[in-house]
Amino acid sequence: MGGMYEDLKGPEIPSVLSESSIILLPVGAIEQHGPHLPMSVDRVIAEKTAEAIVAKCGDELDIWLLPTLSISKSNEHNWSGGTISLRYETLMAVLNDIGESLSKTNAKKLVLLNGHGGNTTLLNTALRELRLNHLLETFLIHPALPPAYGGSSTEDELGMGIHGGRDETSVFMFLRPDLVDLGKAERRVPEKLAENKHVKFGGSVSFGWLSNDFHKDGYIGDPTGASPELGEKLFNAAVESLCEALSEIKSFKFKE
Ligand SMILES: [Zn+2]
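Calculation rules
- Residues numbered from 1 in each chain as written.
- Predicted model: local features only at pLDDT ≥ 70, side-chain atom pairs only at ≥ 80, totals over all residues.
- Pairing = 2+ DSSP bridges.
- Helix = DSSP H or I, 4+ residues; strand = E, 2+ residues; numbered from the N terminus.
- Contact = placed C-beta atoms within 7 Å.
- Axes fitted to C-alpha atoms, helices over the stretch in contact; angles between N-to-C directions.
- Core = buried A, V, L, I, M, F, W, Y, C linked by C-beta atoms within 7 Å.
- Buried ≥ 20, exposed ≤ 12 C-beta atoms within 10 Å, placed from the backbone.
- Expected span 1.5 Å × (residues − 1).
- Bend = angle between axes of the 7 residues up to and from the residue.
- Right-handed = clockwise from strand over helix to strand, strands pointing away.
- Parallel < 35°, antiparallel > 145°, perpendicular 65-115°, else oblique.
- Left-handed = near helix turned anticlockwise from the far one by under 90°.
- Nonpolar A, V, L, I, M, F, W, Y, C, P; charged D, E, K, R; others polar.

In this section: the sheet that holds strand 1 (residues 3-4). Hydrogen bonds between backbone groups are what pair the strands of a sheet, and the pairing can be parallel or antiparallel. One open sheet holds the five strands; their spatial order is 1-3-2-4-5, and the pairing between them is parallel. Unpaired on one side and paired on the other, strand 1 and strand 5 (137-141) mark the two borders of the sheet. Helix-sheet contacts for helix 4 (residues 120-134) involve strand 2 (22-27), strand 4 (109-114) and strand 5, and the interaxial angle to strand 5 is about 165 degrees.

If you want it as structure tokens, here you go:
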């Protein structure tokens, strides 16, 4: 069995949740994504992906979906009025509090499904804190692995399509076509950065970038070729591969 965690009744929790249940927490963001996309992109993609996962393999894998953590760490966009961000201390404290609450149930496995690349470093740190502080077995998955963390973006974007680029715009167009204004999109690929061998997204040297370092419009990539058809393909492939990953998570043993 699996489903929406919040639909469970209090007295059911001890019998429904067991050591092999998976608790899935989508983490979104409310942040600027350029003139062609709304603030909700990362939240919507994380939540819809999580819902599709539960529909596809939730029963089989005993997955329980928590409500989306919609506001997270988006301070690379703080220059843009309207972006809503938690400080890293706040987000870490929120995750710790959620972990403490879950530690009072029988569930042991907590999976964070992150829709916002700006959270990845912090969430990776949180995995170990949650394990040590609350004895949870913790995992981090992404609808699409951010290019700055080993994921890919299109060749045409020189691998630099990290925010509001072709793939992300396509997935969002598939999910919420009513909220996309592709007429306002232009190519915003940081060509100079891509020429570097080491200091670039996905290079061997990380750097503390802000989203308006490359262009004042604040999106990074080339959304002009985005389409809902491509988005549907990417979305379905992500759900398929995440169900496969979750099945491995289910049988994963921390100690041999
Ligand atoms: Zn995004």
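There is more to say, and it comes next.
This next bit is on the nonpolar core. Counting 48 residues, the largest nonpolar core has Ile23, Leu24, Leu25, Ile53, Ile63 and Phe172 as the members making the most contacts within it. Where this core is concerned, the elements lending two or more residues are strand 2, helix 2 (41-61), strand 3 (63-65), helix 3 (88-102), strand 4, helix 4, helix 5 (166-175) and helix 7 (228-251). Aside from chain neighbours lying at most four places away, what touches leucine 24 is Ala50, Ile53, Ile63, Trp64, Leu65, Leu66, Val111 and Leu113.

Okay, helix 7 next. Taking 1.5 Å per residue as the helical rise, helix 7 with its 24 residues ought to reach 34 Å, and the 35 Å between its terminal C-alpha atoms agrees with that figure. Those residues of helix 7 not exposed but buried are Gly231, Phe235, Ala238, Val239, Leu242 and Leu246. Buried residues along helix 7 sit in contact with strand 2, helix 2, strand 3, strand 4, strand 5 and helix 5.

A maximum bend of about 50 degrees is found in helix 2 at alanine 55. Counting buried residues along helix 2, 15 of its 21 residues qualify, which places the element largely inside the surrounding structure. At the exit of helix 2 stands aspartate 62, carrying a positive phi of roughly 60 degrees.

Let's shift gears to the pairing of strand 4. Across the six residues of strand 4, six count as buried, placing the element largely inside the fold. Here strand 4 shows a buried face lined by Lys109, Val111 and Leu113 and a second buried face lined by Leu110, Leu112 and Asn114. In this sheet, strand 4 lies alongside strand 2 in parallel orientation, the contact comprising six bridges. Opposite leucine 25, over in strand 4, you have leucine 112 as the bridge partner. Read as a crossover between parallel neighbours, the route from strand 4 over helix 4 to strand 5 is right-handed.

Okay, unusual backbone geometry next. Note on backbone geometry: most residues besides glycine have negative phi, and most peptide bonds are trans. We note that aspartate 62 has phi near 60 degrees; this positive angle belongs to a residue other than glycine. Non-glycine residue leucine 135 carries a positive phi angle of around 55 degrees. Relative to the helices and strands, leucine 135 is located in the loop between helix 4 and strand 5. Judged by the 10 C-beta atoms lying within 10 Å of it, leucine 135 falls in the exposed class.

For the rest of this paragraph, the subject is the packing of helix 2 against helix 5. Packed helix pairs are specified by the crossing angle of their axes together with the interaxial distance, meaning the distance between the axes. Put simply, helix 2 and helix 5 touch, their axes get as near as 10 Å, and they point 65 degrees apart. Put simply, helix 2 runs roughly perpendicular to helix 5. Crossing geometry of helix 2 relative to helix 5 is assigned as left-handed. Seen from helix 2, the contacting residues are Val41, Val44, Ile45 and Lys48; seen from helix 5, they are Glu168, Val171, Phe172 and Leu175. Considering only residue class, the contact of helix 2 with helix 5 consists of six nonpolar, no polar and two charged.

The next thing to look at is the environment of glycine 165. For glycine 165, the position within the fold is in the loop between strand 5 and helix 5. What makes glycine 165 buried here is the crowd of 28 C-beta atoms within 10 Å. Note: C-alpha distance between glycine 165 and aspartate 222 (57 residues apart in sequence) is 4.9 Å.

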